[in-house]
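Spelled out, the chains give:
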Amino acid sequence: DTGVSQDPRHKITKRGQNVTFRCDPISEHNRLYWYRQTLGQGPEFLTYFQNEAQLEKSRLLSDRFSAERPKGSFSTLEIQRTEQGDSAMYLCASSSGTGDGYTFGSGTRLTVV
Amino acid sequence: AQSVTQPDIHITVSEGASLELRCNYSYGATPYLFWYVQSPGQGLQLLLKYFSGDTLVQGIKGFEAEFKRSQSSFNLRKPSVHWSDAAEYFCAVGVPGTYKYIFGTGTRLKVLA
């Protein structure tokens with residue numbers, strides 16, 4: 001297993017455009033998380049999937065954000081009508097249980113210009 | 001609400017010196033506790049975790065952490081720092097029965113040759 005993969009590593013987009021990020025978790029992990037990290041801050045929780053079910057969404061996740069995990073494997077995070085404030089590192093993580101600790105991917109760095 | 005405090009934003013130590021990074025949490029019971037390390041532009045790597053048992057836990061790369069219930073602390077230590085330890089370190093709390101972790105704002109470690 002190659003760990004958690006995220007694609008792309010970097011994305012530069014113009015304000016108002018839509019972007020989509022992909023995350024491939026560790027295959028035997030049924031839990032998948034998205035976090036956002038801005039400069040000088042720790043990661044902030046965005047959303048959580050157990051298998052294909054999205055069980056929790058943060059209030060940070062505005063209506064412009066949507067996440068899916070259609071077959072309980074990979075996940076996508078879409079941001080519509082991007083704003084400069086969306087510029088951040090978007091981190092995906094997976095785990096097999098709350099106490100096990102996450103395995104993080106390398107992240108997707110989004111820059112909105 | 002649960003919170004995590006890392007009071008030191010930056011720490012500088014000389015190579016070979018000992019290290020202690022502080023972490024305090026706010027939660028009524030004993031949560032799951034984690035330390036992660038993040039190199040520039042990378043995702044986070046789990047160093048160690050605690051959720052019960054021996055209050056001194058050993059992790060990877062020669063790190064250890066001690067849980068002190070009376071002080072609500074989970075400080076990270078290393079007896080002799082290597083130049084490759086320069087990175088940002090995050091303490092995190094996982095609340096049993098929930099899905100998410102709460103991260104501190106991080107401590108950036110600089111190692112002098």
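Provided above is the structure to which this section pertains.
Residues numbered from 1 in each chain as written. Chains lettered and ligands numbered in written order. Predicted model: local features only at pLDDT ≥ 70, side-chain atom pairs only at ≥ 80, totals over all residues. Heavy atoms only, no water.

Novice: Describe the environment of Gln84 of chain A, with residues and values.
Specialist: Residues and elements named next belong to chain A. Looking at the element boundaries, Gln84 is found in the loop between strand E8 (75-79) and strand E9 (88-95). When the C-alpha atoms of Gln84 and Val112 are compared, they prove to be 5.0 Å apart, with 28 residues separating the residues in sequence. Apart from residues lying up to four places away in sequence, Gln84 is in contact with Arg15, Val112 and Val113. (Helix = DSSP H or I, 4+ residues; strand = E, 2+ residues; numbered from the N terminus. Contact = heavy atoms within 4.5 Å.)

Novice: Can you break down unusual backbone geometry residue by residue, with the values?
Specialist: Cis peptide bonds are those with omega within 30 degrees of zero, and the linkage from Asp7 of chain A to Pro8 of chain A qualifies with -5 degrees. With respect to the element layout, Pro8 of chain A can be found in the loop between strand E1 (5-7) and strand E2 (10-13). The backbone phi angle of Arg81 of chain A is positive, close to 45 degrees, even though this residue is not glycine. Relative to the elements of secondary structure, Arg81 of chain A occurs in the loop between E8 and E9. Phi angles above zero are rare outside glycine, and Lys61 of chain B is one such case at about 60 degrees. Along the chain, the position of Lys61 of chain B falls in the loop between strand E7 (56-58) and strand E8 (64-68). What makes Lys61 of chain B partly exposed here is its relative accessible area of 47%. (Buried < 20%, exposed > 50% of the residue type's maximum accessible area, 1.4 Å probe, protein only.)

Novice: Describe the side chain of Arg36 of chain A, with residues and values.
Specialist: All names here are of chain A. Mapping Arg36 onto the fold places it in strand E4 (residues 31-37). There is no salt bridge for the buried Arg36, and the closest opposite charge comes from Asp86, which lies 4.5 Å off by N-O distance. Beyond its immediate stretch of four places on either side in the chain, Arg36 contacts Gly42, Pro43, Glu44, Leu46, Leu60, Phe65, Asp86, Ala88, Met89 and Tyr90. (Lys, Arg positive; Asp, Glu negative; His and termini not counted. Salt bridge = Lys/Arg side-chain N within 4 Å of Asp/Glu carboxyl O.)

Novice: For the nonpolar core, give the residues involved together with the corresponding values.
Specialist: Counting 27 residues, the largest nonpolar core has Leu19, Trp35, Leu47, Leu48, Phe74, Leu76 and Tyr89 of chain B as the members making the most contacts within it. Those elements that place two or more of their residues in this core are strand E2 (10-14), strand E3 (19-21), strand E5 (32-38), strand E6 (44-50), E8, strand E9 (73-78), strand E10 (87-94) and strand E12 (107-112) of chain B. It is E10 of chain B that provides the largest number of residues to this core, a total of four residues. Each residue touching Leu76 of chain B, except ones within four places of it in the same chain, is listed here: Leu19, Glu20, Leu21, Trp35, Leu47, Leu48, Phe63, Glu64, Ala65 and Tyr89 of chain B. With 19 residues, the next largest nonpolar core counts Phe21, Ile26, Leu61 and Ala67 of chain A among its residues. (Core = buried A, V, L, I, M, F, W, Y, C linked by side-chain atoms within 4.5 Å.)

Novice: I'd like a rundown of the pattern of salt bridges, residues and numbers included.
Specialist: Residue and element names in this part refer to chain A. Summed over the entire model, instances satisfying the criterion amount to nine salt bridges over all chains. A salt bridge links Asp86 to Arg64, with the nearest nitrogen and oxygen atoms 2.8 Å apart. Within this pair, whereas Asp86 is found in the loop between E8 and E9, its partner Arg64 is found in the loop between strand E6 (53-57) and strand E7 (65-68), the two being separated by 22 residues in sequence. Overall, Asp86 belongs to the buried group, its relative accessible area being 3%. The class for Arg64 is buried, based on a relative accessible area of 11%. One salt-bridge network, in which partners are shared between bridges, spans Arg64, Glu83 and Asp86.

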